[in-house]
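# Commentary on secondary and tertiary structure
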Amino acid sequence: MEYSKSFCDLVNSFKEKNDENLKFIGTGNPSAKILIIGKEAALSEKNLSIDFNFHYGLHQENTSLWAKCIDQNQDFDDIKVWGRNCKKYIREDFSPLYPYKHDQKIHRLPQNGGTSKTWKCYQKLISLVYPGILSEEEVDFHKYAFISELSSKPFPKSPAKNKATENSIRIRTTELFTHDFFQQFPVIIVAAGIYVSKRMYDIDLQALFNLTYVNEDPSEKDPSEWIRIYKSGNRLLLHCKQLSRCSNNLLIRLANIIREHINL
């Protein structure tokens with residue numbers, strides 16, 4: 001695994017920051033061509049459960065865990081199976097390079113070793129971009145994409161506009177996503193729907209990623225499944241709804257645009 005200078009610089013500059021909004025960089029392949037930015041991690045703080053504290057702890061240790069990956073020059077084959085069947089969590093084996101390795105490509109239910117609806121959609125999208133490469137049974141899209149979140153504040157379901165999320169997005173769009181590492185991806189998918197709008201968090205994607213709005217690709221089947229397209233040189237940004245309860249049609253349209261852009 002080759003970790004780029006820009007990624008190493010990012011990790012080194014953020015690993016000592018005390019701001020909890022900047023502890024989470026992302027997961028997956030930092031050398032991938034595709035960056036997917038969602039809304040926030042789908043973790044529930046209800047009752048401050050052991051499960052939440054454990055997984056949110058890993059969320060907040062993300063930058064230091066990346067420093068470990070770089071120091072050990074970790075590759076995908078070096079990562080151990082982690083958390084299969086939702087029980088055998090060995091904290092020291094967790095890696096943001098390939099989190100939850102060998103989880104099944106089924107919706108997560110108690111003890112079935114599955115994944116979230118969002119990650120199922122990410123798996124389907126990346127498999128459409130790179131046909132025949134990904135596993136048909138397991139979640140391994142992290143090998144071909146890097147995943148981050150607009151907000152570092154976890155919610156099991158996206159909440160109405162609130163100050164905590166607003167503050168987190170403001171800090172991350174000002175300090176994190178402006179870093180060279182996030183600016184260099186050939187393909188960026190902002191799967192955050194109305195979070196970008198003026199009535200929510202008013203994120204100027206053109207200014208944030210130095211791109212130009214081109215047009216909107218509407219959906220004839222579902223008005224909510226529009227794709228807004230931004231470009232600049234060899235860089236492409238696609239803004240769409242959250243990829244959790246989306247149709248195959250949206251994923252196919254996204255994949256077709258991406259494949260054409262990167263000449264696949």
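As shown above, the structure is provided for reference.
This section reports on the structure supplied with the text.

Procedures and definitions
Residues numbered from 1 in each chain as written. Predicted model: local features only at pLDDT ≥ 70, side-chain atom pairs only at ≥ 80, totals over all residues. Heavy atoms only, no water. Core = buried A, V, L, I, M, F, W, Y, C linked by side-chain atoms within 4.5 Å. Buried < 20%, exposed > 50% of the residue type's maximum accessible area, 1.4 Å probe, protein only. Helix = DSSP H or I, 4+ residues; strand = E, 2+ residues; numbered from the N terminus. Contact = heavy atoms within 4.5 Å. 1 Å grid on protein atoms, 1.4 Å probe; cavity = no way out; pocket = protein on both sides within 12 Å on 5 of 7 lines; lining within 4 Å. Points joined across faces, edges and corners; volume = space filled by probe spheres on them. Nonpolar A, V, L, I, M, F, W, Y, C, P; charged D, E, K, R; others polar. Patch = residues over 30% accessible without salt bridge, like charges linked within 9 Å, V, L, I, M, F, W, Y side chains within 5 Å. Areas by Shrake-Rupley, 256 points an atom, 1.4 Å probe, with all protein chains shown as cover. Salt bridge = Lys/Arg side-chain N within 4 Å of Asp/Glu carboxyl O. Lys, Arg positive; Asp, Glu negative; His and termini not counted. Charge placed at Lys NZ, Arg CZ, Asp CG, Glu CD. Expected span 1.5 Å × (residues − 1). Pairing = 2+ DSSP bridges. Axes fitted to C-alpha atoms, helices over the stretch in contact; angles between N-to-C directions.

Our focus in this paragraph is the nonpolar core. Counting 40 residues, the largest nonpolar core has Phe 7, Ile 25, Trp 66, Phe 146, Phe 182 and Phe 209 as the members making the most contacts within it. Mapped onto this core, the elements with two or more residues apiece are α1 (5–14), β2 (34–38), α3 (62–72), α5 (163–176), α6 (180–183), β4 (187–191) and α7 (205–209). Of the residues forming this core, the biggest block, 5 residues, is contributed by α1. With near-sequence residues (within four places) excluded, Phe 209 lies in contact with Ile 37, Phe 177, Phe 182, Gln 183, Ile 188, Arg 235 and Leu 237. Tyr 100, Val 139, Ile 147 and Ile 227 belong to the second largest nonpolar core, which has 36 residues in total.

Now for the layout of surface pockets. Within this model, the second largest pocket holds a volume of roughly 200 Å³. For the second largest pocket, the full set of lining residues is Gly 193, Ile 194, Val 196, Ser 197, Lys 198, Asp 202, Ile 203, Asp 204, Trp 226, Arg 228, Tyr 230 and His 239. Residue composition of the lining of the second largest pocket, by class: 5 nonpolar, 3 polar and 4 charged.

The grouping of Lys 105, Lys 117, Lys 120, Lys 124, Lys 157 and Arg 245 at the surface amounts to a positive patch. Relative to the helices and strands, Lys 124 is located in helix α4 (residues 117–129).

What follows concerns the pattern of salt bridges. Overall, the coordinates contain 7 salt bridges when judged by the stated rule. Among the salt bridges present, the one from Lys 198 reaches Asp 202, with a minimum N-O distance of 3.6 Å. Residue classification places Lys 198 among the exposed residues on the basis of a relative accessible area of 69%. For Asp 202, a relative accessible area of 46% corresponds to the partly exposed category. In this structure, Glu 216 engages Arg 228 in a salt bridge whose closest nitrogen and oxygen atoms are separated by 2.8 Å. Taken together, the residues Glu 216 in strand β5 (residues 212–217) and Arg 228 in strand β6 (residues 227–232) connect sequence positions 12 residues apart.

Along its 13 residues, α4 runs 19 Å from first to last C-alpha, staying within 8% of the 18 Å computed at 1.5 Å per residue. Taken residue by residue, α4 has Thr 118, Trp 119, Cys 121, Tyr 122, Gln 123, Leu 125, Ile 126 and Val 129 as its buried positions.

Here we take up the sheet that holds strand β1 (residues 27–28). Two pairing modes exist for strands in a sheet, parallel and antiparallel, and in both the strands are linked by backbone hydrogen bonds. In space, the 7 strands of this open sheet follow the order β1-β3-β2-β4-β7-β6-β5, with mixed pairing throughout. Each edge of the open sheet is held by one strand with a lone partner, namely β1 and β5. On top of the sheet, helix α8 (residues 248–261) reaches β2, β4, β5, β6 and β7 (235–240); it is set at about 170 degrees to β7, its chief contact.

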